[in-house]
Amino acid sequence: MHWADVIAQEVADTCEHPLIATGISPTGIIHVGSLREAITGESIRSAVASKGKDVRLIYLIDSFDPLRKRYEFLPEEYEKYVGMPICMIPCPCGKHDNYAHHFIQPFLDAVDSLEVHCEIVWTHELYAKGEFAKWIDMTINKRQEVIQILHEVTGKDADPNFSPYDPLCPDCGRFCKANYDTYEFPNLEYSCKCGSHGKIDIRKMEGKLKWRLEWPAKWMIFGTSAEPFGKDHAAAGGSYDSGKRIVSEIFGGKAPYPIPYEFVQLKSGGQIVQMHKSLGSAVTGLDAINMTPPEVLNYLFLRSQPNRAIDYDYGMGLLDMADEYDRMERAYFSNEFTEAEENNVAAYVIAQHNHVPEQLPLQISYRHLVNVVQMTKDFDGVMQVLGRTEDMSKATDFDIKRLQVRVDCIRFWLANFAPENVKFSIQEAVPANIELSADEKAYFKALAALFKDIEWNAEQINAAVTDAAKDGIGNKGAFKAMYKILIGKNMGPRLSPFLASMDRQFVLDRLEQAAQ
Ligand SMILES: [Zn+2]
Ligand SMILES: [Zn+2]
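Residues numbered from 1 in each chain as written. Chains lettered and ligands numbered in written order. Predicted model: local features only at pLDDT ≥ 70, side-chain atom pairs only at ≥ 80, totals over all residues.

A closer look at the overall build of the chain
Check the secondary structure of the chain and you find 21 helices and 13 strands. The C-alpha extent of the chain, read off along each of the three principal axes, is 100 × 50 × 40 Å. Across the 516 residues in the chain, those meeting the buried criterion constitute 39%. Residue pairs at least 24 apart in sequence account for 71% of intrachain contacts in the chain once pairs closer than 6 positions are excluded. (Helix = DSSP H or I, 4+ residues; strand = E, 2+ residues; numbered from the N terminus. Buried ≥ 20, exposed ≤ 12 C-beta atoms within 10 Å, placed from the backbone. Contact = placed C-beta atoms within 7 Å.)

See the structure below:
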């Protein structure tokens, strides 16, 4: 059984109204790893739903977290916002409601395309609505027990001054110190470094629980059944361990089924890519969505157990990922696969989120599509070129839609991340800066004569290319000469399918021009 099914079975068996929680702290640019969390959550949701259960997936945006420092990608004036909740800091571009919104909205739009069926919950709104009040009150009343639990779980010295809840100073807008001795529901006394002191109301958006308390409080608010989270939270003595005890001993509830996941490592051409300091990452979660077909991205994250690290290779590895997806799709529909492939075929099925196509969709080799996209300006052009080599008449709406998304992903990839050696553009005429020998010109003449009479397909083209080269410049010389006059490079896409994708007359005209 696939791991998502195993977890889903456990959740379906033990929960009456299962709720899967995922979340994110949008304090900066969103990393590819965040996609793993969203996709893992959705895969569990859809797997539980397929067992006939009414299940919800929530996506918690930690919009009340403070800005911890001025990141390098922020303008200098943002120094003054450090320590303030990110829902109260202005958006850097001026188009969003606030800082949190600025960083999360593009990501949410993109996650939509992955068909993650979640309800968005803004943490600051939970505070504003008083949803946390009961748990804040319990935390304050049992503060000594909380301190003892944290001491036992983390192994650190018990700190009698530990503050589990930070009031928000109404004067400077930063989190500050509480005086618990005078606490009387719902009012808590605060004093701030800015000189302000007074009382706040814990039922309002006037203070925030520390993460180790806030997390179990969220479990109580939603009755969370299962939750994927980064492995840092799962470490011994980490916040899942303390949360488990706080939720049962302080709040009287139960911790969700934990799904700790390993991080995602960025690679390009098989090499590990270090984080880009000023951006926070070389490839953001948004980039990954823009350049990876959603079904392939889903598959990539579901193929591996959550506790295994995932490499996201945005160089040529991206093409391998897409090829593997298509291969598993064929394996699923032909029902022919090895035992070793069983898990990956199951991942293919789960990646469809209960909408497995009824028949094998149209498959155009992804590598071929990368070439076709570079031969054309728009999607109509792509359809026209594909029509020369494929039977497109049987393509369904689903096929066309998928093709369209793949073409968009490839264009984004080519424009931003593709290695130079896959890029080319068909020249409008024989490039002016190339030298052609007499032998090469003779070859073009001979080839043109053969091209006039063959059937225009890769097989016959290949035979003609070889035939014409036999007594002259040889195969190697022929390929080089052809790439020179077509794309102005010494190398290019596999020649015969490449030529087959072009209009015959276009190729004949080019050969004639080059032979002169
Ligand atoms: Zn903005
Ligand atoms: Zn203050």
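After that view, the rundown keeps rolling.
Re the environment of Ser25
Tracing the backbone through its elements, the reader meets Ser25 in the loop between strand E1 (19-24) and helix H2 (33-49). Ser25 gets classed as buried once you count the C-beta atoms within 10 Å, which come to 20. A sequence separation of 40 residues divides Ser25 from Asp65, and the C-alpha atoms of the two residues are 7.2 Å apart. Look past the residues within four positions of Ser25 in its chain and what remains in contact with it is Asp62 and Asp65.

Concerning the domain arrangement of the chain
Buried accessible area, meaning the area lost when the parts come together, often serves as the stated size of an interface. Here the chain is described as being made up of domain 1 (165-209), domain 2 (366-422) and domain 3 (438-515). Between the C-alpha centres of domain 1 and domain 2 the distance comes to 57 Å. (Domains from an automatic or database assignment.)

Details of the sheet that holds strand E5 (residues 177-184)
Read across the sheet, 3 strands follow the order E5-E6-E7 without closing on themselves; strand pairing throughout is antiparallel. The sheet terminates laterally at E5 and strand E7 (197-201), the two strands that pair on one side only. Averaged over all pairs of adjacent strands, the angle between their axes in this sheet comes to 35°, without regard to strand direction. The pairing of E5 with strand E6 (residues 187-191) spans 4 bridges and is antiparallel. If you follow Glu184 over to E6, its bridge partner there is Asn187. (Pairing = 2+ DSSP bridges. Axes fitted to C-alpha atoms, helices over the stretch in contact; angles between N-to-C directions.)

Considerations on helix H19 (residues 474-487)
Counted at 1.5 Å a residue, the expected span for H19 with its 14 residues is 20 Å, and the 20 Å between its end C-alpha atoms agrees. Taken residue by residue, H19 has Ala478, Ala481, Met482, Lys484, Ile485, Leu486 and Ile487 as its buried positions. Positive phi appears at Gly488, one or two residues downstream of H19, with a value of about 70°. (Expected span 1.5 Å × (residues − 1).)

Remarks on the packing of helix H17 (residues 438-451) against helix H18 (residues 458-469)
When two helices pack together, their arrangement is captured by the angle between the axes and the distance separating the axes. One can describe the packing of H17 onto H18 by two numbers: an axis separation of 9 Å at closest approach and a directional angle of 140°. Between H17 and H18, the angle falls in the class oblique. When the axes of H17 and H18 are compared, the crossing they make is right-handed. Residues Tyr443, Ala446, Leu447, Leu450 and Phe451 of H17 touch H18, and the partners they reach there are Ala464, Val465, Asp467, Ala468 and Ala469. When the residues that make up the contact of H17 with H18 are grouped by side-chain class, the tally is 9 nonpolar, no polar and 1 charged. (Parallel < 35°, antiparallel > 145°, perpendicular 65-115°, else oblique. Left-handed = near helix turned anticlockwise from the far one by under 90°. Nonpolar A, V, L, I, M, F, W, Y, C, P; charged D, E, K, R; others polar.)

Focus: the pairing of strand E11 (residues 264-268)
Where E11 meets strand E13 (residues 310-313), 4 bridges bridge the pair, whose relative direction is parallel. Each residue of the ladder has a partner; that of Gln265, found in E13, is Asp311. The pairing of E11 with strand E12 (residues 271-272) spans 2 bridges and is classified as antiparallel. Looking across to E12, one finds that Lys267 is bridged to Ile272. Between E11 and the antiparallel strand that follows it, E12, lie 2 residues; Gly269 among them carries a positive phi value of about 55°.

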